[in-house]
Amino acid sequence: MGTERLRRLASDNQKSLVNFLRDMVRIPSLSGRENKMAIRVKKEMEKTGFEEVFIDGIGNVIGRIGSGKVRILYDAHMDTVDIGDRKNWKHNPFGAEYRRGTIYGRGACDDKAGVASAIYGGKLMVALGIRGDYTLYVACSVQEESAGGKGIEYLIKKDRINPHFVILAEPSSLNIIRGHKGRVGFKISMKGKSAHAGTPWKGKNAIYRMAPLIQKIERLNSRLSSIPPLGKGTIAVTKIDCEKASLNAIPDNCAIYLDRRTNTKESEQGVKRELRTIMGRGGKLEILQKFFTAWELPRKHPLVVSCAETYKALFRRNPKILLWPFCSNGSYTMGEKGIPTVVFGPGEERFAHSADEQVKVEQLVQAAMFYATLPGIIAKRYGKI
Ligand SMILES: [Zn+2]
């Protein structure tokens, strides 16, 4: 395959790729409110040569190219987190400013850059007439940030996309991510007895009851064992709350929220058991959302090898193949469904969810080239599926 031709075509397309991403950044798309963004995305897919484009029952936009044997799914999410405190932004979060090769704004990196590059990967593939025995689906999914994979779950269960391989176009600095930690959120509530703050001995302060547990959780974090390849799980108290508390009453309730990151050896049951042990009696443990499983593909897995081969062919250097401390839709695709998954995308992880979120256009273009090339390389390796 002519890498030079691809490079030329990619650079010819740079302007429209940039415009597309800037358009998307200008459209706010909080989780559950991706409609307008979906319409814009669908329009671009239709314009760029996808053979079939549709919006499914939950709002995911799906485009298809080819109808070969090996089914490959590129997933990028359309929703973003909120902008946080506007004062922390030097750039207008919805201004889509473009300066010296960088685009700024909410979603510029997480994950509208992935949406833009995945769609343009398809466009380049079609324009170059790269064909192989594969079907490529590009899915721009909803509700990744809020509901942790509801969009992709719908895609696989209801739309019956049923891919053999999944590439998550999430900001990975163009590194190949072959696994990541899992995640689960907990709430622990403690009851007390209310009294006037002037006579605290008449009540039972729920915060005081909670305090020793908070310290135990901090100690638990340092005790968690490190298991290769993902290393040490973590636990952190991320919020403390007293409902309807008056500032001059002894609180009769206290709740803490925990963020627990897991490695591949830690199960939902095990993690709950560990918490119940340190809680002793008293206190109520609730799981928030669900348990997002940790997962890992071996370095030698053919999908990882195909990604590395694509990267080397295009950029003439070895890729970094890493594991992540973050969580993604991979917890569903690989963690739950066992579909080989890799994360690869434009944009740096540190800009995700941050003020002055940004992405380098150079990475957008390189990611699009990667997405255009990878399906052919996978199909060659997996021709007999
Ligand atoms: Zn993301």
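Because the structure is predicted, anything quoted here is derived from the model rather than measured.

Asks: Before we move on, can you summarise the environment of Leu73 with the specific residues and values?
Replies: Tracing the sequence through the fold places Leu73 in strand β3 (residues 70-77). When the C-alpha positions of Leu73 and Ile62 are compared, they lie 9.8 Å apart, and in sequence the two are eleven residues distant. Once you skip the residues sitting within four places of it in the chain, Leu73 turns out to touch Tyr137, Ala139, Ile161, Pro163 and Val166.

Asks: Any chance you could break down the domain arrangement of the chain for me, citing the residues and the numbers?
Replies: Domain boundaries in the chain define domain 1 (3-180 + 295-381) and domain 2 (182-291). Using only C-alpha atoms to locate each centre, domain 1 and domain 2 end up separated by 36 Å. With nine residues of domain 1 at the interface, the matching set in domain 2 holds seven residues. Looking at the side of domain 1 that touches domain 2, the elements with two or more residues in it are β17 (295-296) and α9 (330-336). Broken down by class, the residue content of the side of domain 1 that touches domain 2 amounts to four nonpolar, four polar and one charged.

Asks: Outline the sheet that holds strand β13 (residues 234-241), listing residues and values.
Replies: Taken in spatial order, the four strands line up as β13-β15-β9-β16 in an open sheet, and their pairing is antiparallel. At either margin of the open sheet sits one strand with a lone partner, and together these are β13 and β16 (284-292). Between one strand axis and the next, the sheet turns by 20° as a mean value, whatever way the strands run. Inspection of the sheet shows strand β9 (residues 182-191) paired to strand β15 (residues 253-262) by ten bridges, in the antiparallel sense. From the neighbouring strand, Lys187 faces β15, where its bridge partner is Tyr257.

Asks: Help me get a handle on the nonpolar core, residues and values and all.
Replies: In this structure, Ala116, Val342, Phe344 and Ala368 are the most contacted members of the largest nonpolar core, which totals 76 residues. Broken down by element, this core gets its largest block of residues, eleven residues, from helix α10 (residues 361-381). Residue contacts for Ala368: discarding those within four places in its chain leaves Ala10, Leu17, Ser117, Tyr120, Gly121 and Leu124. In terms of nonpolar packing, the next biggest core, distinct from the first, is built from nine residues, Ala206, Met210, Cys254 and Leu258 among them.

Asks: Describe the packing of helix α4 (residues 112-128) against α10, naming the residues involved and giving the relevant values.
Replies: The interhelical angle for the contact between α4 and α10, taken along N-to-C directions, is 50°, at an axis separation of 7 Å. With respect to each other, α4 and α10 are oriented oblique. Here α4 runs over α10; the crossing is right-handed. Across the interface between the two elements, Ala113, Ala116, Ser117, Ala118, Tyr120, Gly121, Leu124 and Met125 from α4 touch Leu364, Ala367, Ala368, Met369, Tyr371 and Ala372 from α10. A class-by-class count of the residues in the contact of α4 with α10 yields twelve nonpolar, two polar and no charged.

Conventions and cut-offs
- Residues numbered from 1 in each chain as written.
- Predicted model: local features only at pLDDT ≥ 70, side-chain atom pairs only at ≥ 80, totals over all residues.
- Helix = DSSP H or I, 4+ residues; strand = E, 2+ residues; numbered from the N terminus.
- Contact = placed C-beta atoms within 7 Å.
- Domains from an automatic or database assignment.
- Nonpolar A, V, L, I, M, F, W, Y, C, P; charged D, E, K, R; others polar.
- Pairing = 2+ DSSP bridges.
- Axes fitted to C-alpha atoms, helices over the stretch in contact; angles between N-to-C directions.
- Core = buried A, V, L, I, M, F, W, Y, C linked by C-beta atoms within 7 Å.
- Buried ≥ 20, exposed ≤ 12 C-beta atoms within 10 Å, placed from the backbone.
- Parallel < 35°, antiparallel > 145°, perpendicular 65-115°, else oblique.
- Left-handed = near helix turned anticlockwise from the far one by under 90°.

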